[in-house]
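# Architecture at a glance
Take a look at the letters that make up each chain.
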Amino acid sequence: MEYLDFEKPIKALKDQLEKCIELGHENSVDVSETVRQLEQKIELTKKEIYSDLTPWQKVQLSRHPNRPYTLDYIEAFCKQSFLELYGDRNIADDKAMVGGLGKIGDQSFMIIGTQKGYDTQSRQYRNFGMANPQGYRKALRLMKSAEKFQLPILTLVDTPGAYPGIEAEQRGQGEAIARNIFEMMKLRVPIIVSIIGEGASGGALGIGVGDRILMLENTWYSVISPESCSSILWRSWDYKEQMADQLKLTAADMKSANIVDAIVKEPLGGAHYEPQQIFSTLEKHILECYEQLKVIPIEVLLKQRRRKYSRIGNFTIQT
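These lines cover the structure that appears in this document, whether it is placed above or below.

Calculation rules
- Residues numbered from 1 in each chain as written.
- Predicted model: local features only at pLDDT ≥ 70, side-chain atom pairs only at ≥ 80, totals over all residues.
- Heavy atoms only, no water.
- Helix = DSSP H or I, 4+ residues; strand = E, 2+ residues; numbered from the N terminus.
- Rg over C-alpha atoms; globule rule 2.2 N^0.38 Å.
- Buried < 20%, exposed > 50% of the residue type's maximum accessible area, 1.4 Å probe, protein only.
- Contact = heavy atoms within 4.5 Å.
- Areas by Shrake-Rupley, 256 points an atom, 1.4 Å probe, with all protein chains shown as cover.
- Lys, Arg positive; Asp, Glu negative; His and termini not counted.
- Charge placed at Lys NZ, Arg CZ, Asp CG, Glu CD.
- Axes fitted to C-alpha atoms, helices over the stretch in contact; angles between N-to-C directions.
- Parallel < 35°, antiparallel > 145°, perpendicular 65-115°, else oblique.
- Left-handed = near helix turned anticlockwise from the far one by under 90°.
- Nonpolar A, V, L, I, M, F, W, Y, C, P; charged D, E, K, R; others polar.
- Pairing = 2+ DSSP bridges.
- Core = buried A, V, L, I, M, F, W, Y, C linked by side-chain atoms within 4.5 Å.
- Patch = residues over 30% accessible without salt bridge, like charges linked within 9 Å, V, L, I, M, F, W, Y side chains within 5 Å.
- Salt bridge = Lys/Arg side-chain N within 4 Å of Asp/Glu carboxyl O.

Now for the overall build of the chain. The helix and strand inventory of the chain stands at 14 helices and eight strands. Against the globule reference of 20 Å for 319 residues, the chain gives a C-alpha radius of gyration of 21 Å, in line with a compact fold. Across the 319 residues of the chain, 50% fall into the buried class. Of all intrachain contacts in the chain linking residues separated by at least 6 positions in sequence, the fraction that spans at least 24 positions is 72%. Accessible surface computed for the chain: about 16,300 Å², of which carbon and sulfur atoms make up 51%. One way to put it: in the chain the 41 positive side-chain charges average out to a point 8 Å from where the 42 negative ones average out.

Quick look at the structure:
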């Protein structure tokens, strides 16, 4: 388990616990009472730290290297019934964008999401979860297939943003994301979106239009990352913590602004502490959302979807 800077008090106590247990074994000494006290102290420290996280600390948790990624959720939801589909039928298959057919409970879904890597090699292979235009075009191809066969769509968002390279711009990165947003507004099937990690910029919006938006407790959703915002304003990352606060990017901020529909509570310390628990909790929310959406006539659902997004934001028209 890796620990973030603000988690170091927990790491120190866990190191003490391991050392205590080891000494007890080596010297055949009963250390059960000391172990019990240390375990209680660890739980108390965790509650103190995680009950009052700053926006920047939540951003850090959303990027935790031990946090479950899209394919972990798919494997947990679908057991062995996931059929991955590849390619945009135009340029290539983007490894940062994964998708396919899977069954959650008794219901089939078209599941699409951004995938990060677990180590240096797989991170490079997945392009750090940053999709190219062909990734968004693959996602749209799969969504169109879902519409054709009347399957609900589930998207899992965890990306630091769309890939900003020159070749991506040459192949129409902006157009691909805009096309997805435009087409997702018209898809005649229920769409459920879940933000499971980072939800950055157009990279998230390219698969982020839906009838129900779920957001895990320790995730963020914003037009720009705190570091990039700080860099634009001050040409330095030194103000990233202030920017995380000013951008209002946490799940609570998104819910209060009516941008997301529900916050999915994570285990104490984050999703990586109890992956099976968060898998089960999110699956329950997804199925509940689908049960609500499937009884709504499609024309009504489309009107509600358009109304949902047209109401986001505050503005004044001056004449």
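What follows concerns the packing of helix α6 (residues 133–148) against helix α8 (residues 173–184). Two elements in contact, α6 and α8, have axes whose closest approach is 8 Å; the angle formed by their N-to-C orientations is 20 degrees. Taken together, α6 and α8 sit at an angle that is classed as roughly parallel. In the packing of α6 onto α8, the handedness of the crossing is left-handed. Residues Pro-133, Tyr-136, Arg-137, Ala-139, Leu-140, Met-143 and Lys-144 of α6 touch α8, and the partners they reach there are Gln-173, Glu-175, Ala-176, Ile-177, Arg-179, Asn-180, Glu-183 and Met-184. When grouped by side-chain class, the residues that make up the contact of α6 with α8 number eight nonpolar, two polar and five charged.

Attention shifts here to the pairing of strand β2 (residues 97–104). Taken across its eight residues, β2 has six buried, putting it largely inside the fold. As paired elements, strand β1 (residues 82–84) and β2 share three bridges and run antiparallel to each other. Across the sheet, the residue bridging to Glu-84 is Gly-100, located in β2. Examined bridge by bridge, β2 and strand β3 (residues 107–114) share eight bridges and lie antiparallel to one another. By the bridge assignment, Gly-100 is partnered in β3 with Ile-111. Hairpin connection between β2 and β3: a loop of two residues separates the two successive antiparallel strands, and Gly-105 in this loop has a positive phi of roughly 65 degrees.

Take the nonpolar core next. Residues Met-97, Ile-112, Tyr-136, Met-143, Ile-153, Met-215 and Tyr-221 are the most contacted members of the largest nonpolar core, which totals 33 residues. Mapped by element, the contributors of at least two residues to this core are β3, α6, β4 (153–159), α8, β5 (191–200), β6 (212–216) and α12 (251–256). Leave out the neighbours within four places in its chain, and Ile-153 touches Phe-109, Met-110, Met-143, Ala-146, Leu-187, Val-189, Pro-190, Ile-191 and Ile-192. Within the second largest apolar cluster, 26 residues are counted, among which are Tyr-73, Ala-76, Ile-104 and Tyr-290.

Attention shifts here to a nonpolar patch on the surface. On the surface, a nonpolar cluster with roughly 430 Å² of combined accessible area is contributed by Ile-232, Leu-233, Trp-234 and Tyr-239. Mapped onto the elements of the fold, Ile-232 is located in helix α10 (residues 226–234).

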